[in-house]
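# Architecture and fold: a report
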Amino acid sequence: MSTFLNPTIELIEQNPEVKSFIYQQIADFEPFVTPQTVVAVVARDPKKLALQYETEGREFSVAELKKLYRIAIVLKEDDTSVSAEGVHEDIFQAIKLAKENLLKQLIEIQDSVISQQDRIIEINHYLQHPVLH
């Protein structure tokens, strides 16, 4: 008998393939985190999307929602956090969507923080000191 109330949590905790995929996906956050950043992968109840979908005027049924995986990835450091989620009927796609959505947010944040002048300085630096691969 399962000790988990949410079958998605059980799948994440017990399936080595899913765990491995999660670790591969969160590796992409390395440029955006520090050693103090906590990365959490959270299984959320897809049935709770009903109100949101209803507000958006989207067609859905509770049976369809039950078939979905709703995965959130949360980066938290001190009192600051940023998160995004992915929803899909395949858990791997839901994880990947959550990662892509969070990366998009992080890139937007990074772009808004870096000024145009900083970009020009960085470009000039690389033009003067080319990196060979």
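None of these values were measured; they are calculated from a predicted model.

Read across the sheet, 3 strands follow the order β1-β2-β3 without closing on themselves; strand pairing throughout is antiparallel. Because the sheet does not close on itself, it has two edges, and the strands there are β1 (38–44) and β3 (80–88). Adjacent strand axes in the sheet meet at a mean angle of 20°, parallel and antiparallel pairs treated alike. Where β1 lies against strand β2 (residues 69–77), 7 bridges are found, and the strand directions are antiparallel. Looking at β2, one finds that alanine 40 is bridged to valine 74. The sheet contacts of helix α5 (residues 91–113) involve β2 and β3, and relative to β3 the element is tilted by about 145°.

Let us now look at the packing of helix α1 (residues 7–14) against helix α2 (residues 16–26). Packing of α1 against α2 brings their axes to within 5 Å, and their N-to-C directions diverge by 80°. As far as their axial angle goes, α2 and α1 are roughly perpendicular. Between α1, through Leu11, Ile12, Glu13 and Gln14, and α2, the contact on the second element is made entirely by Pro16, Val18, Lys19 and Ile22. Class assignment of the residues belonging to the contact of α1 with α2 gives a composition of 5 nonpolar, 1 polar and 2 charged.

Looking at the element boundaries, glutamine 25 is found in helix α2. Residue classification places glutamine 25 among the buried positions, given a relative accessible area of 9%. Excluding its chain neighbours within four sequence positions, the residues that come into contact with glutamine 25 are Ile95, Lys96 and Lys99.

By secondary structure assignment, the location of alanine 98 is in helix α5. Taking the C-alpha atoms as reference points, alanine 98 and isoleucine 120, 22 residues apart in sequence, are found 32 Å from one another.

Once that is clear, we can look at the pattern of salt bridges. The final tally for this structure, using the stated rule, is 4 salt bridges. As a salt-bridge pair, arginine 44 and glutamate 85 come within 2.8 Å of each other at their nearest N and O atoms. Taken together, the positions of arginine 44 in strand β1 and glutamate 85 in strand β3 put the pair 41 residues apart, joining distant regions of the chain. Classification of arginine 44 as partly exposed rests on a relative accessible area of 30%. The network of salt bridges with common partners includes Arg44, Arg70 and Glu85.

Turning our attention to the environment of alanine 84. Structurally, alanine 84 is set in strand β3. Separated by 54 residues in sequence, alanine 84 and glutamate 30 have C-alpha atoms that sit 16 Å apart. Apart from residues lying up to four places away in sequence, alanine 84 is in contact with Ile71, Ala72, Ile73, Ala98, Asn101, Leu102 and Gln105.

Applying the stated criterion across every chain, the model contains 2 aromatic pairs. With a centroid separation of 5.2 Å and an interplanar angle of 85°, the aromatic rings of phenylalanine 21 and phenylalanine 92 are classed as edge-to-face. Here phenylalanine 21 is found in helix α2, whereas its partner phenylalanine 92 is found in helix α5, with 71 residues between them in sequence. The class for phenylalanine 21 is buried, based on a relative accessible area of 16%. Ring centres 6.0 Å apart and planes at 70° place the aromatic pair tyrosine 53 and phenylalanine 60 in the edge-to-face group. Above the plane of the ring of tyrosine 53 lies arginine 58, whose end atom (NZ or CZ) is 3.9 Å from the centre.

Basis of the calculations
Residues numbered from 1 in each chain as written. Predicted model: local features only at pLDDT ≥ 70, side-chain atom pairs only at ≥ 80, totals over all residues. Heavy atoms only, no water. Pairing = 2+ DSSP bridges. Helix = DSSP H or I, 4+ residues; strand = E, 2+ residues; numbered from the N terminus. Axes fitted to C-alpha atoms, helices over the stretch in contact; angles between N-to-C directions. Contact = heavy atoms within 4.5 Å. Parallel < 35°, antiparallel > 145°, perpendicular 65-115°, else oblique. Nonpolar A, V, L, I, M, F, W, Y, C, P; charged D, E, K, R; others polar. Buried < 20%, exposed > 50% of the residue type's maximum accessible area, 1.4 Å probe, protein only. Salt bridge = Lys/Arg side-chain N within 4 Å of Asp/Glu carboxyl O. Phe/Tyr/Trp six-rings, centres within 6.5 Å; stacked < 30°, edge-to-face > 60°. Lys NZ or Arg CZ within 6 Å of the ring centre and 35° of its normal.

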